[in-house]
Amino acid sequence: MIEFQDAPDKAKRIFVQLIDAFEEQNINPTPLNYFVWYQYLKGDKPKFRQAFDAILNDPFGYNDRVGKRLYDEYLTKEDDSQSEFDRAFRRLVDLMVKKMDLWSNRLEAHSKELDACTSSLSDPNLNAEDVKRITRSVRNTAESMQASTLAFQEEMLSTSDEVKQLRQQLIEALADSMKDELTEIGNRKAFNNALAELMFDAQGAPQKLCLILSDIDHFKKFNDNYGHLVGDSVLRYYASIMKKTKQDNETICRYGGEEFAIIVADTSLALAAQRADQIRMAIAAAHLKRKNANEPLSTITASFGVAHFHGTGDTAESFIARADAALYQAKNSGRNQVVTETQLPTL
């Protein structure tokens, strides 16, 4: 499951899947291909992602040529949203592409020289000196080609340490992209990925997958009374309560604002509701004090909505909507309580 402590493990699994995909589709593990696929996994360039999806759905699929085209069309320009890692990765790819182009141009020049030698050898009026001259030219061209190839290989090897560092940075970047900075649990992207993955896994026993949505009651008023820094501390504390009692079958994420989500696999709706109530009682029983002032803070409570997966025909949107409707019912019925989808009024 995705949680802040094992987010790097999740990122490593994604990276391993990427390498497996390279091997399966016979894709060269070049810096350019790493960079293109990394940007695809990040998912923050909609037009690029749409073009990439179309390629993956194409019978011919992805290859080096396609990767270079995608890179040239969508990824060569720096922008303010790029991280230092993105910029470093892109600079390395630019350097590698330039070296490859230079090597290709040299090989093309050598090929032309050999073609010229071949044409000269077809001259019926050649004498012994001409043959010697052409032979020397062929030998020199072959030696030059070999030197160019060796030089290119050495240049590639010289960047191996940098590529290894970038691989590690890629793993860390993927982990960071899945983590909420404030609470250090999964973010909305981690939630979306985990929910899709777990819904796929639960097709055989859908009702054993449950979703808990929770919302801190009157959080805006709390922020207004004590300030946003105290509010941030409350969010971190609330996340810590969930993490302390987290089970192996749970994925804990910050859904947005003061709203949190727990995806629970291999459970029942009743047990998921019990888990939600455990968290509800823990936060309500907390005696928080304002830092450096020893001033007690208002009691914090939270409301919960719980739903279970319905299997075939159920989408992530409809699954979330049921949990959200149950959460709304809990808020509307007085807050500080747990409501399951079975308690919702039928339409």
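We now turn to the structure provided with this report. Being a predicted model, the structure only gives us computed values, none of them experimental.

## With respect to the packing of helix H8 (residues 188-201) against helix H12 (residues 316-332)
Between H8 and H12, the shortest axis-to-axis distance is 11 Å and the interhelical angle comes to 110 degrees. By the angle class used here, H8 and H12 are roughly perpendicular. Along its contact with H8, which presents Phe-191, Leu-195 and Met-199, the element H12 presents Ala-316, Phe-319 and Ile-320. Its residues assigned to classes, the contact of H8 with H12 comprises 6 nonpolar, no polar and no charged.

## Thoughts on unusual backbone geometry
Within the chain, Glu-184 stands out as a residue other than glycine whose phi angle is a positive 60 degrees. Of note in the backbone geometry, Arg-335 takes a positive phi value of approximately 65 degrees without being a glycine. Assignment of secondary structure puts Arg-335 in the loop between H12 and strand S7 (338-340). For Arg-335, a relative accessible area of 30% corresponds to the partly exposed category.

## Regarding the sheet that holds strand S1 (residues 210-216)
The 5 strands are arranged S2-S3-S1-S6-S7 in an open sheet whose pairing can be described as mixed. Each end of this open sheet is capped by a strand with a single partner; those strands are strand S2 (250-256) and S7. In this sheet, adjacent strand axes meet at a mean angle of 20 degrees when their direction is disregarded. Pairing geometry for S2 and strand S3 (residues 259-264), over 6 bridges, is antiparallel. Following the sheet pairing, Cys-253 is matched in S3 by Ala-261. Where helix H11 (residues 269-284) meets the sheet, it contacts S1, S2, S3, strand S6 (302-308) and S7, and its direction lies at approximately 170 degrees from that of S6. Set on the sheet, H12 makes contact with S1, S2, S3, S6 and S7; between it and S6 the angle comes to about 145 degrees.

## Topic: the nonpolar core
Of all hydrophobic cores here, the largest spans 32 residues; its most connected members are Ile-212, Ile-216, Tyr-238, Phe-260 and Phe-304. If you list the elements that add at least two residues to this core, you get S1, helix H9 (219-226), helix H10 (228-244), S3, H11 and S6. With 7 residues, H10 is the single largest residue contributor to this core. Filtering out sequence-adjacent residues up to four positions away, Tyr-238 remains in contact with Ser-214, Ile-216, Phe-260, Ile-279, Ile-283, Ala-302 and Phe-304. Counting 22 residues, the second largest nonpolar core, distinct from the first, contains Phe-191, Met-199, Ala-261 and Ile-263.

## Side note on H8
With 14 residues, H8 should reach 20 Å at 1.5 Å per residue; the first-to-last C-alpha distance of 20 Å fits that figure. Against the buried residues of H8 lie S1, S2, S3 and H12. Between the side-chain oxygen of the N-cap and the backbone nitrogen of Lys-189 there are 3.1 Å, and the N-cap of H8 in question is Asn-187.

## Let's talk about the packing of helix H3 (residues 46-57) against helix H4 (residues 64-75)
To describe two helices that pack against each other, one gives the angle between their axes and the distance between the axes. As a packed pair, H3 and H4 sit with axes 10 Å apart at the nearest point and diverge in direction by 165 degrees. Judged by the inter-axis angle, H3 sits roughly antiparallel to H4. Between H3 and H4 the crossing geometry is right-handed. On H4, the residues touching Lys-47, Phe-48, Ala-51, Phe-52 and Ile-55 of H3 are Val-66, Arg-69, Leu-70, Tyr-74 and Leu-75.

## Considering the side chain of Thr-301
Mapping Thr-301 onto the fold places it in the loop between strand S5 (295-296) and S6. A polar side-chain atom of Thr-301 sits 2.7 Å from a polar atom in the side chain of Asp-217. In this structure Thr-301 touches Ile-216, Asp-217, Ile-283, Ala-284 and Asn-336, once residues within four positions along its chain are discounted.

## Side note on the packing of aromatic side chains
Summed over all chains, the structure comprises 7 aromatic pairs. A centroid spacing of 5.6 Å and a plane angle of 20 degrees characterise the contact between Phe-52 and Tyr-62, whose relative ring orientation is stacked. Of this pair, Phe-52 sits in helix H3 while Tyr-62 is found in the loop between H3 and H4, placing the two residues 10 residues apart along the sequence. Note on accessibility: Phe-52 and Tyr-62 belong to one class, buried. Ring plane angle 45 degrees and centroid distance 4.8 Å describe the contact between Phe-222 and Tyr-226, whose orientation is recorded as tilted. Of this pair, Phe-222 and Tyr-226 both sit in helix H9, separated by 4 residues, roughly a single helical turn. Assessed through its relative accessible area of 8%, Phe-222 is described here as buried. Residue Tyr-226 is classed as buried on the basis of its relative accessible area of 13%.

## Comments concerning the pairing of S6
In terms of residue burial, S6 counts as a mostly covered element, since 7 of its 7 residues are buried. Side chains Ala-302, Phe-304, Val-306 and His-308 project from S6 onto one buried face, and the interleaved Ser-303, Gly-305 and Ala-307 project onto a second face that is buried too. Here S1 runs beside S6; their pairing, made up of 7 bridges, is antiparallel. What sits directly across from Leu-213, in S6, is Gly-305.

Rules behind the numbers
Within every chain, residues take consecutive numbers counted from 1 along the sequence as written. Given that this is a predicted model, residues contribute local features only at a pLDDT of at least 70 and side-chain atom pairs are listed and counted only at 80 or more, while totals for whole chains, interfaces and linings are drawn from all residues. Only hydrogens and water are removed before side-chain values are computed, so all heavy atoms of the structure are retained for them. Axis definition: a line fitted to C-alpha atoms, limited for helices to the stretch in contact. Angles are taken between N-to-C directions and run from 0 to 180 degrees. Numbered from the N terminus, helices here are DSSP runs of H or I no shorter than four residues, and strands are runs of E no shorter than two. For this classification, under 35 degrees means roughly parallel, over 145 means roughly antiparallel, 65 to 115 means roughly perpendicular, and everything else is oblique. We call two residues contacting when some pair of their heavy atoms lies within 4.5 Å. Each residue receives one of three labels: charged for Asp, Glu, Lys and Arg, nonpolar for Ala, Val, Leu, Ile, Met, Phe, Trp, Tyr, Cys and Pro, and polar for the others, Gly being one of them. Between buried and exposed lies partly exposed: a residue is buried under 20% and exposed over 50% of the maximum accessible area for its type, with that area taken using a 1.4 Å probe on protein chains only. Strands pair, by our definition, only if DSSP identifies at least two bridges between them. Among the buried residues, those of types Ala, Val, Leu, Ile, Met, Phe, Trp, Tyr and Cys that are joined through side-chain atoms within 4.5 Å form a nonpolar core. Any helix carries an expected span of 1.5 Å times its number of residues minus one. Pairing of N or O atoms within 3.5 Å defines a polar contact, subject to two protein rules: one partner must be a possible hydrogen donor and the other a possible acceptor, and residues neighboring in sequence count only if both atoms are side-chain atoms. For any pair of crossing helices, the crossing counts as left-handed if the nearer helix is rotated counterclockwise from the farther one by less than a right angle, and right-handed if it is rotated clockwise. Any two of the Phe, Tyr and Trp rings considered here, Trp counted by its six-membered ring, make a pair once their centres fall within 6.5 Å; the pair's planes then place it as stacked at under 30 degrees, edge-to-face at over 60, or tilted in between.

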